[in-house]
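Here is what each chain is made of, one letter per residue.
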There are 2 protein chains.
Amino acid sequence: MPNADKDGQPKARLSREALVTSAIALADTEGLEAVTVRRLAQQHSVAPTSLYWHFRDKERLLDGIAEHLLQQVEVPEHPDGDWPEQLRDILARIVVVLRAHPAAAQLIPTRLLASPAGLAVTDRTLALLKEAGLPAERIAGTAMFLLGAVVSMIAAEPGRQLPQDKEEREDAVRVKRALLSALPPRNLPVVVSFADHLCDCADPDTYYDFNLDVLVAGIARMAATPSR
Amino acid sequence: MPNADKDGQPKARLSREALVTSAIALADTEGLEAVTVRRLAQQHSVAPTSLYWHFRDKERLLDGIAEHLLQQVEVPEHPDGDWPEQLRDILARIVVVLRAHPAAAQLIPTRLLASPAGLAVTDRTLALLKEAGLPAERIAGTAMFLLGAVVSMIAAEPGRQLPQDKEEREDAVRVKRALLSALPPRNLPVVVSFADHLCDCADPDTYYDFNLDVLVAGIARMAATPSR
DNA sequence: ACCTGAACACCGTTCAAGT
DNA sequence: ACCTGAACACCGTTCAAGT
């Protein structure tokens, strides 16, 4: 039985789908730099070079991750609410998906136009900015900026970069807070006074809510100002 | 003469400063993935392992790049204008520095609290959000988000990712525009109609100006709404 | 104090070959 | 159609050793 692993179970055939899925899992647990052709092959009990039947190169594998995530962003067919609500809605949907896969999130911005799913999200964002009445020459750039900014919210969340393990994480937060608190208040008064909030985000949900509001409010304001 | 290169010129001694500088140059011309311990060593006619005298590991070298860039962001000692003007000013100063080094820009967000220069920029941003009257619990998270969003503006600029060489770049733009224009307008009407602006940013200066305005206007709006 | 050389474990990728 | 094995050029990093 050449196609069975040590448990005698039939060895699952390799597929793009399966590889992308385990690549995302690997990024979730160990970070994007752990996503490696060789480690992926190992997890599937297969030679490293086997992956090249399914992906032209590693870049295409990463494209596959981005596409898989973007497919999870539902673009509502029959949305309700005015454009600011709808814009906030589509951006918030992206946030929800990417918060579940923070390490892979950084793959998104450069790949928004590289898959049907990414194009659907982009089309919706462009349409809403058009409805808002932004100057035509500003719509494309602003859409790409908004989508990029939403992704950067994940990386900028205070307390990301620290370990995931709870206990280990608490230790790291304590150390970091101590370091920031010990900085000279003469030079850095505000950093010192906000040391706690800079080290760890007490309320991530509100962090995301508030910053989404900042973006939508900013667009509303600029849409209301006729080209100045 | 053991310390002279083939031109007989005295070989410059290795230093953190010199290594960081050429690392940035390498990132500028060939991208961040070209910044490699071994290539850097080669450029300085030195064994790869020599770098480890000056940097504990590659991560520290990247920290050095981020710090070097952040040092170029001048934080005005005696700023004038109201807080929205000052906030826009500090964010715009970051943009100016990072536009000159777009490949290295992505190193910044995770390292804002890791150097005196980064801390100075962060302190100023925090101070301005405080002056704006944001709720205290939102200031730290919003500052990190703003600084991250400014960095993501560089990566999100339409037409980045394409080659730098002018002729080669024009070809790439044509191809990409053709691809987007050929998409089914039934599904993606707005993407198709904005194909041109999505492929290439006709006016980068205005792109940055406008999106900086979006951010500052958004903050102003949220500061004016008392916690709802 | 500063740099080298040998060595190690790990990468992505090609190509001819197997089934 | 799908996978393997050998091979290649390239990574980051250690450590004992040289000057």
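Our subject is the structure listed above.
Cut-offs applied
Residues numbered from 1 in each chain as written. Chains lettered and ligands numbered in written order. Predicted model: local features only at pLDDT ≥ 70, side-chain atom pairs only at ≥ 80, totals over all residues. Heavy atoms only, no water. Helix = DSSP H or I, 4+ residues; strand = E, 2+ residues; numbered from the N terminus. Expected span 1.5 Å × (residues − 1). Buried < 20%, exposed > 50% of the residue type's maximum accessible area, 1.4 Å probe, protein only. Contact = heavy atoms within 4.5 Å. Near = heavy atom within 4 Å. Polar contact = N/O pair within 3.5 Å; in protein donor to acceptor, adjacent residues only side chain to side chain. Nonpolar A, V, L, I, M, F, W, Y, C, P; charged D, E, K, R; others polar. Least-squares fit on C-alpha atoms with pLDDT ≥ 70 in both.

**Q** Just checking my understanding: could you explain helix 1 (residues 16–30) of chain A for this structure?
**A** Residues spaced three or four apart along an α-helix face the same direction, because each turn holds 3.6 residues. Residues and elements named next belong to chain A. The end-to-end C-alpha separation of helix 1 is 21 Å, in line with the 21 Å expected for 15 residues at 1.5 Å each. When we look at burial in helix 1, the residues that qualify are Leu 19, Val 20, Ser 22, Ala 23, Ile 24, Leu 26 and Ala 27. Elements that come into contact with the buried residues of helix 1 comprise helix 2 (37–43), helix 3 (51–54), helix 4 (58–71) and helix 6 (102–105). One or two positions beyond helix 1, positive phi appears at Gly 31, with a value near 95 degrees.

**Q** I keep staring at the protein's contact with DNA strand C and nothing clicks. Help me out?
**A** Surrounding DNA strand C, one finds 16 residues, the nearest of these being Arg38(A), Thr49(A), Ala47(B), Ser50(B) and His54(B). Backbone sugar and phosphate groups make up 55% of those atoms of DNA strand C lying within 4 Å of the protein. Contact between DNA strand C and Arg38(A): a base nitrogen at 2.4 Å from a side-chain N or O atom of the residue. At a separation of 2.3 Å, a phosphate oxygen of DNA strand C approaches a polar side-chain atom of Ser50(B). Where the surface near DNA strand C is concerned, the elements lending two or more residues are helix 2 of chain A together with helix 3 (51–54) of chain B.

**Q** So what exactly am I meant to see when it comes to the environment of Leu40(A) here?
**A** All names here are of chain A. Within the secondary structure, Leu 40 is located in helix 2. Under the relative-accessibility criterion, Leu 40 is labelled buried at 0%. If sequence neighbours within four positions are ignored, Leu 40 has contacts with Leu 19, Ser 22, Ala 23, Leu 26, Val 35, Leu 51 and Leu 61.

**Q** I'm lost on the protein's contact with DNA strand D in this one. Help?
**A** In the neighbourhood of DNA strand D, 16 residues make up the surrounding shell, with Ala47(A), Ser50(A), His54(A), Arg38(B) and Thr49(B) lying closest. Thr36(B) places a polar side-chain atom, nitrogen or oxygen, 3.5 Å from a sugar or linking oxygen of DNA strand D. Here Lys58(B) contributes a backbone N or O atom positioned 2.9 Å from a phosphate oxygen of DNA strand D. Contributing elements (two or more residues each) for the surface near DNA strand D: helix 3 of chain A together with helix 2 (37–43) of chain B. By residue number, the principal contributor to the surface near DNA strand D is helix 2 of chain B, which donates three residues. For the surface near DNA strand D, the class distribution of residues is six nonpolar, five polar and five charged.

**Q** Could you clarify how one ought to interpret the relation of the copies chain A and chain B in this entry?
**A** Each of the two chain copies goes to the other by way of a rotation about an axis and a shift along it. Under the fitted operation, chain A is carried onto chain B by 0.0 Å of movement along the axis and a turn of 180 degrees, and the coordinates agree to an RMSD of 0.0 Å. Here the transformation between the copies is reduced to the relation of a two-fold axis. If distances are taken from each C-alpha of chain A to the rotation axis, the shortest is found for Gly218(A), at 1.8 Å. The share of interface residues of chain A whose copies in chain B are also at the interface is 100%, consistent with both copies meeting through the same surface.

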